[in-house]
Amino acid sequence: MTFRDIVPIIAVIALLAFVPVFVTANTVLNFLVFTLIIALTAQGWNILGGFGGQFSFGHAAFFGTGAYAAALLQVRLGINPWIAFAIGAMAGAAVGWMIGYLSFRSGLRGSYFALVTLAFAEVLRILANAATFTGGAAGVLIKLHVRPENFQFESRSAFFWIALALVGAVLVLTRWIERSRFGAQLVAVRENEAAAKALGVDTLRVKLGAITLSGAVTAAAGCLYAQYFLYVDANIAYGTWISVEAILAPIIGGLGTVFGPLVGAVALHGLGEVTKLAAGSVPGIDLMVFGVLLVVAVGFAPDGILGLLRRLRRSAQLSGAPRHA
Amino acid sequence: MMYSPAIIAEAVVNGLMTGAIYALIALGLTLVYGVLHIINFAHGALLTAAMFAVWAVHVAFGLDPYLAILPLTPLFFGLGYAVQRFVIGPASHGSDSNILLVTLGLSIAIENALLAGFRSDTRSLNTDYGFQVVELGPLLLSKPRLIGFGAAVLVTVLLWLLLSRTDTGKAIRAVAKEKLGASLVGIDVAHVYAVTFGLGCACLAVAACLLMPTFYVNPRIGQAFVLVAFTIVVLGGMGSIPGALLGGLFIGVVESLCGLFLGDSLGQIGIFLIFILVLLVRPTGMFGAKA
């Protein structure tokens, strides 16, 4: 990876960093922070699903672990929220490694892998909902104590910048994966696992690396969620909604690309807000549109928005030139 | 904790009755898997749609849920046929992971369309037989659930007969075994796929009609059932019809006993642990022949 590889990332993040200077409405900032949290969740999924081709249907397992770890460590044990945040991300990595070890060792892939991840997330949801130290069905409330050392801020812009910095860091991480030997092996596993193995790629190790990184990133998003909303319960943290969000954004944006999850999250939630404005208070209408979009994207735009843009640019370059039959 | 044998026996029998309905739901899933080799994530949402259909025809026309089997089964067969033929088939370009995503998208769309249409309220039916019981020795059994049990077993047998005795069944089994060979001898594979998917949805319509006298419906209800159905399908062996029936009954009993010993909130955990264990240790299930 050279400096030139990360220039577009720096440019995009720097541009986005100016948004709170112009936009100060709390509702808009809320929307932006939430969208960035979703983008981060999806970036985690994209490492495993986009580059590695292993479609997890249970990324809630990591998101929830991060959210609960961040909340419980500070509420129950009085640990500093910043440290809790770091531990939360590591806990996500550990859960990722564990789920990966169990399922990849058993040779699960494709639909089977999707099912087993879904089941792990459900087990965690039921446990978190029933255990007493997680607060059970009532959830955990993080005490409001607005101080920077408590990871709580007066202004929403501060949160926006932190979320943006994390998204930026993962963009760089993803770019590194794309350029590295590890990334090449990961893509080889996605394209043809048997062939990759025959060429000497340690496929188990590569997949484990991907799911561990993926778990850490998605758990970080969960920590951020807990810290921003100061509340976690089992259906938020381990609910299927977040697993679905994690899948949707990369596919709509561009599967296995660096910017795909961010573009997808912004596009989806921007569209979601527009639909909500248009449809009024009808619940579920935005998600209904997401579902239809997923079908349409898989059917007609398998490379997502970024793929469509690339196709447009290419046809613009080729216009005038004779077309091949 | 000690429970009297009568309570345990009742839990087992109740579990068997619930399990038969689970089996019926799993039957549709396993049939689609056995032939199309896809996991239909929209199965739960389609079940929810069927349950709302039962509720709607009852409210609108006063149609008894058991009589609703007659119009709804062909309706859902047609719906399933169309969904596979015109949505899943064309959109997935034959790739497994695409099918997974397309059915996930369908399930999100259907579930939230129902949420937009019916809101998140929970609805149930009022029938005069909803709370009737049948005395069987020392056990008191709910009459509608007993009917559900009988009907679910009957449908399983009918489906098995359809697959083993009719030409359509032969074509379905041929496509399941060897897609290319089947198309070479003149079987319309896309048609058979759609018929199979339609049959899976027809199973759901029957299950919905049997469930509604004792159960309730809301837009999210399908999720709970579909995870149980996945477990049954994996346990019984993907694609195996007797496996789905036995797996369903077994899971029904496990859920009932876990609920008795662990309480309702932890009751379902037994199911998921079995699910994960089977997937990790023996993903071909008890009756699955091939990996």
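Here is a short report on the structure shown in this document.

Thresholds applied
- Residues numbered from 1 in each chain as written.
- Chains lettered and ligands numbered in written order.
- Predicted model: local features only at pLDDT ≥ 70, side-chain atom pairs only at ≥ 80, totals over all residues.
- Heavy atoms only, no water.
- Helix = DSSP H or I, 4+ residues; strand = E, 2+ residues; numbered from the N terminus.
- Buried < 20%, exposed > 50% of the residue type's maximum accessible area, 1.4 Å probe, protein only.
- Areas by Shrake-Rupley, 256 points an atom, 1.4 Å probe, with all protein chains shown as cover.
- Lys, Arg positive; Asp, Glu negative; His and termini not counted.
- Charge placed at Lys NZ, Arg CZ, Asp CG, Glu CD.
- Disulfide = S-S within 2.5 Å.
- Core = buried A, V, L, I, M, F, W, Y, C linked by side-chain atoms within 4.5 Å.
- Contact = heavy atoms within 4.5 Å.
- Pairing = 2+ DSSP bridges.
- Buried area = accessible area lost by both parts, 1.4 Å probe.
- Salt bridge = Lys/Arg side-chain N within 4 Å of Asp/Glu carboxyl O.
- Polar contact = N/O pair within 3.5 Å; in protein donor to acceptor, adjacent residues only side chain to side chain.
- Nonpolar A, V, L, I, M, F, W, Y, C, P; charged D, E, K, R; others polar.
- Phe/Tyr/Trp six-rings, centres within 6.5 Å; stacked < 30°, edge-to-face > 60°.
- Lys NZ or Arg CZ within 6 Å of the ring centre and 35° of its normal.
- Expected span 1.5 Å × (residues − 1).
- Bend = angle between axes of the 7 residues up to and from the residue.

## Quick notes on the overall build of chain A
- Scanning chain A from N- to C-terminus turns up 15 helices and two strands.
- Overall, the C-alpha framework of chain A stretches about 65 × 50 × 45 Å when taken along its three principal axes.
- Counting across all 325 residues of chain A, residues that qualify as buried make up 54%.
- About 14,100 Å² of surface is accessible on chain A, with carbon and sulfur atoms providing 67% of the total.
- One finds the centroid of the 21 positive side-chain charges in chain A at a distance of 7 Å from the centroid of its 13 negative side-chain charges.

## Considerations on the state of the cysteines
All names here are of chain B.
- The final tally for this structure, using the stated rule, is zero disulfides over all chains.
- Here Cys-209 is not cross-linked by a disulfide; its sulfur's nearest cysteine counterpart is in Cys-203, at 12 Å.
- Owing to a relative accessible area of 0%, Cys-209 belongs among the buried residues under this scheme.

## Regarding the nonpolar core
- In this structure, Phe-57, Leu-115 and Leu-224 of chain A together with Ile-25 and Phe-230 of chain B are the most contacted members of the largest nonpolar core, which totals 185 residues.
- The biggest single contributor to this core is helix H8 (residues 189-211) of chain B, with 16 residues.
- Other than its neighbours up to four places away in sequence, Phe-230 of chain B contacts Leu-115 and Leu-118 of chain A together with Leu-29, Ile-39, Asn-40, Phe-41 and Phe-275 of chain B.
- Ranked by size, the runner-up nonpolar core spans 13 residues in total, among them Ala-128, Val-140, Ala-226 and Leu-230 of chain A.

## Some thoughts on the pairing of strand E3 (residues 139-142) of chain B
- Bridging between strand E2 (residues 133-136) of chain B and E3 of chain B involves four bridges; their strand directions are antiparallel. Residue pairing for E3 of chain B: Glu-135 of chain B is matched across the bridge by Leu-140 of chain B.

## Some words on the interface of chain A and chain B
- Taken together, the contacts link 36 residues of chain A with 37 residues of chain B.
- Across the chain A to chain B interface the summed buried area is about 3,300 Å²; carbon plus sulfur atoms make up 83%.
- Taken together, the links from chain A to chain B amount to zero salt bridges.
- Inspection of the chain A/chain B interface yields three residue pairs in polar contact (both at pLDDT 80 or more).
- Counting residues per element, the side of chain A that touches chain B draws most heavily on helix H6 (residues 110-130) of chain A, at 13 residues.
- Of the residues assigned to the side of chain A that touches chain B, the class counts are 27 nonpolar, eight polar and one charged.

## A short note on the packing of aromatic side chains
- Applying the stated criterion to the full structure yields 26 aromatic pairs over all chains.
- Aromatic pair Phe-151 of chain A and Phe-159 of chain A: ring centres 5.8 Å apart, planes at 25°, arrangement stacked. With respect to burial, Phe-151 of chain A and Phe-159 of chain A carry one shared label: buried.
- Seen from their ring centres, Tyr-225 of chain A and Phe-229 of chain A are 4.5 Å apart, and the 35° between their planes marks the pair as tilted. Of the two residues, Tyr-225 of chain A and Phe-229 of chain A both sit in helix H10 (residues 203-229), four residues apart, roughly one turn of that helix.
- For Phe-229 of chain A, a relative accessible area of 36% gives the class partly exposed.
- An aromatic cluster is present here, built from Phe-34, Phe-63, Trp-82, Phe-85, Phe-151, Phe-153, Phe-159, Tyr-225, Tyr-228, Phe-229 and Trp-241 of chain A joined pairwise through their rings.
- In this structure, Arg-123 of chain B is placed above the aromatic ring of Trp-55 of chain B, and the distance from its NZ or CZ to the ring centre is 4.7 Å.

## A look at the environment of Gly-130 of chain B
- Position of Gly-130 of chain B relative to the elements: it lies in the loop between strand E1 (123-124) and E2.
- Excluding anything up to four places from it in sequence, Gly-130 of chain B contacts Pro-144, Pro-213 and Thr-214 of chain B.

## Some remarks on helix H1 (residues 5-36) of chain B
Residues and elements named next belong to chain B.
- For H1, with 32 residues, the first-to-last C-alpha span of 44 Å sits near the 46 Å given by 1.5 Å per residue.
- At Ala-26, H1 is deflected by roughly 25°, the largest bend along its length.
- Just beyond H1, the residue with positive phi is His-37, at close to 55°.

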